[in-house]
Amino acid sequence: MNTLSRKVCLALTPPTEEDGRSDQRRLLDALAPEFGAVEVPLALLHRLYPLCRGERLTASLVDCGGRWRLTDLEPGDTTAAHYGLAADLGSTSVTMELLDLGSGTVLARESCYNRQTALGSDVLTRIFYAKDHPEHLEELRLAAVETLNELMGRLTEVSGVDTGRCPVLVLAGNTVMTHFLLGLEGFPLFLSPYAPVAAEPGFLPAAELGLALAGMIYLYPSRANYMGGDIVSGLVATGIARSEHIQLFFDIGTNGELVAGCRDFLLSGAGAAGPALEGGVIRTGMCAGPGAVEHVEIRGERVSLSVIGGEKIRGICGSGIIDLLAELFLEGIMDFRGRLQPERSTRVELAGEEYAYRYADADQTAEGEPLWFYQSDVDQFLATKAAAYTMVEYMLQAIGMDFTDVERFYVAGAFGTYIRTASAVAIGLYPDLPEEQVVCVGNSSLAGARALLLNRGHLEEIGSILERMEYIQYGAIPDFVQNMEAARALPHLDMARYPSVSRALAERRRP
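Here the structure is a predicted model, which is why all the values come from computation and not from measurement. (Residues numbered from 1 in each chain as written. Predicted model: local features only at pLDDT ≥ 70, side-chain atom pairs only at ≥ 80, totals over all residues. Heavy atoms only, no water.)

**A word on the environment of Met 334**
The condition that has to hold: Only DSSP runs of H or I covering at least 4 residues are called helices, and only runs of E covering at least 2 are called strands; the numbering of each starts at the N terminus.
Take Met 334: it is sitting in the loop between helix H8 (318-330) and strand E17 (348-351). C-alpha of Met 334 to C-alpha of Ile 321: the two residues are 13 residues apart in sequence and 14 Å apart in space.

In structure tokens form, the structure reads like this:
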């Protein structure tokens, strides 16, 4: 494999009176035929003697974008023990993998909450927390570092591999997370003209950041304030920039990041989708976890619920919300405007000044009280799904194409992993494409980090992606809001765009 790091075993000729070359020179000369000029940090100069005078030693090197850097020296032949780390630095959770770079196998994976959440539940709160307060910015930086060190410690514990000796960690995260990890001010990302402080930090000695890692860290570059390294990493993972055909990549969460293109061009944009997709702002919404309703099926008055962990119901997460809305619409309990219809179900009742649908009865819930999905919840979600759909629609219009020209529609992020494609289409969150063309890729940010770790050839691809990627600000589009109004309807005001939904309505004998 063409891994980002290499381990080579060397047998150096010891110095003699005739050959008095330094240990450093003899090591560099031995590496030169394969690696060219190699950088040797001061810490390793201290370890040259007596290692270079033994029978054999193993050198670990990292390709830092065309120039190799020495990261470790070990006595004997340790080339069989070659490991690397890949990580996704999310604003809420962080995931890290330990890979065997000899086989490409993922040996262990660990996740935990980002410790920055204690300083702000969302990135905007953290940006303002750090603004004009260098000590707060340092708190955020240390929180990120401590989170990564915690995961490295966990991986060492479960695998028995000393992760601190890994030559390289490849990390992908959004632009704000990358700034905070580097201790850079995040406020410029929020304020026009939205220019990042540093978009391409590249390779850095991990110890300079306070990481418990002797090797290098590579940070995936950002394209813009809301088009971060996590998206660039996702493009590498899906191969969109290498495809002959038009592909769409959509990372759906509180924000929506979208890329359309192929090997010839890449057009990108980002905008606020809203927390409703992840259970936020929904009164009984929650993140996916034990007690969360993840799937829903409705037939008349019968409601079938799938609950994470098989526990008593505590709320409903994003995938459950998509199913619930789709079923309410297909059953006629909610009309195309998203209005609940009390005459269509006894489960629709007046709750205060608005109608609500009772999706869980008291005997099913952890609190012993029924759980409701309110009309205002529906309205919040329709605004979110309209924004998401309109982003995709505008992007295709900008390149002079429509959904029939799309070969693959990649949906990234934890949200996209668990929702049913048919339900997302039924409410107009996704375009009406054949199910086999909709690919849920899960944590594509982590997948792209892993891909680079195993194939350093992606470094050239990353540079090409940044050069070709055009970025648009949805907020600057004059007719964006008007287009969103049509997309608020279920599945859309123009039903001709959704033939499969028309068929599903007919099967349930709905007009």
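**Overview of a nonpolar patch on the surface**
Quick reminder of the rule: A patch is a set of surface residues, each over 30% in relative accessible area and not in a salt bridge, joined within 9 Å for like charges and within 5 Å for the nonpolar side chains Val, Leu, Ile, Met, Phe, Trp and Tyr. The Shrake-Rupley method, run with a 1.4 Å probe sphere, supplies the accessible areas, and residue values consider only the shown protein chains as cover. Should a side-chain nitrogen of Lys or Arg be within 4 Å of a carboxyl oxygen of Asp or Glu, the pair is scored as a salt bridge.
A surface patch of nonpolar side chains, about 430 Å² in accessible area, is lined by Leu 124, Phe 128, Phe 190, Leu 191 and Tyr 226. Inspection of the secondary structure assignment puts Tyr 226 in the loop between strand E10 (216-219) and helix H7 (229-238).

**Some details on the side chain of Arg 69**
Note the following rule: Exposed residues in this analysis have more than 50% of their type's maximum accessible area, buried residues have under 20%, and partly exposed residues fall in between, with area computed by a 1.4 Å probe over protein chains only. Polar contact is defined as a pair of N or O atoms within 3.5 Å, subject to the rule that within protein one atom must be able to donate a hydrogen and the other to accept it, and that residues adjacent in sequence are counted only when both atoms are side-chain atoms.
For Arg 69, the location among the structural elements is in strand E4 (residues 68-75). Given the relative accessible area of 18%, Arg 69 is considered buried. Reaching out from Arg 69, the side chain makes a polar contact with the side chain of Glu 39 at a distance of 3.5 Å.

**Description of the confidence of the model for the chain**
Here is the rule we go by: On a range of 0 to 100, pLDDT expresses the predictor's confidence in each residue.
Per-residue confidence for the chain gives a mean pLDDT of 92, with 95% of residues at or over 70. Mean pLDDT across the elements of the chain ranges from a minimum in helix H10 (residues 413-418), with 71, to a maximum in E10, with 98.

**Some remarks on unusual backbone geometry**
Here the bond from Tyr 49 into Pro 50 is cis, since omega is 10 degrees, no more than 30 degrees from zero. Topologically, Pro 50 is positioned in helix H3 (residues 48-51). Phi is positive for Tyr 194, which is not a glycine, with a value near 65 degrees. With respect to the secondary-structure elements, Tyr 194 resides in the loop between helix H6 (175-182) and strand E9 (202-205).

**Side note on the pattern of salt bridges**
What the rule picks out here adds up to 34 salt bridges. A salt bridge links Arg 154 to Glu 110; the nearest nitrogen and oxygen atoms lie 3.5 Å apart. Residue Arg 154 is located in helix H5 (residues 134-159), and its partner Glu 110 is located in strand E7 (residues 105-113); the two are separated by 44 residues in the primary sequence. According to the relative accessible area criterion, Arg 154 is partly exposed, its value standing at 28%. Glu 354 is the partner of Arg 283 in a salt bridge, and the nearest nitrogen-oxygen pair spans 2.2 Å. Of the two residues, Arg 283 sits in the loop between strand E13 (266-272) and strand E14 (292-299) while Glu 354 sits in strand E18 (residues 354-360), which places them 71 residues apart along the sequence. Overlapping salt bridges, with partners in common, bring together Glu 110, Arg 115, Glu 146, Glu 150 and Arg 154 in one network.

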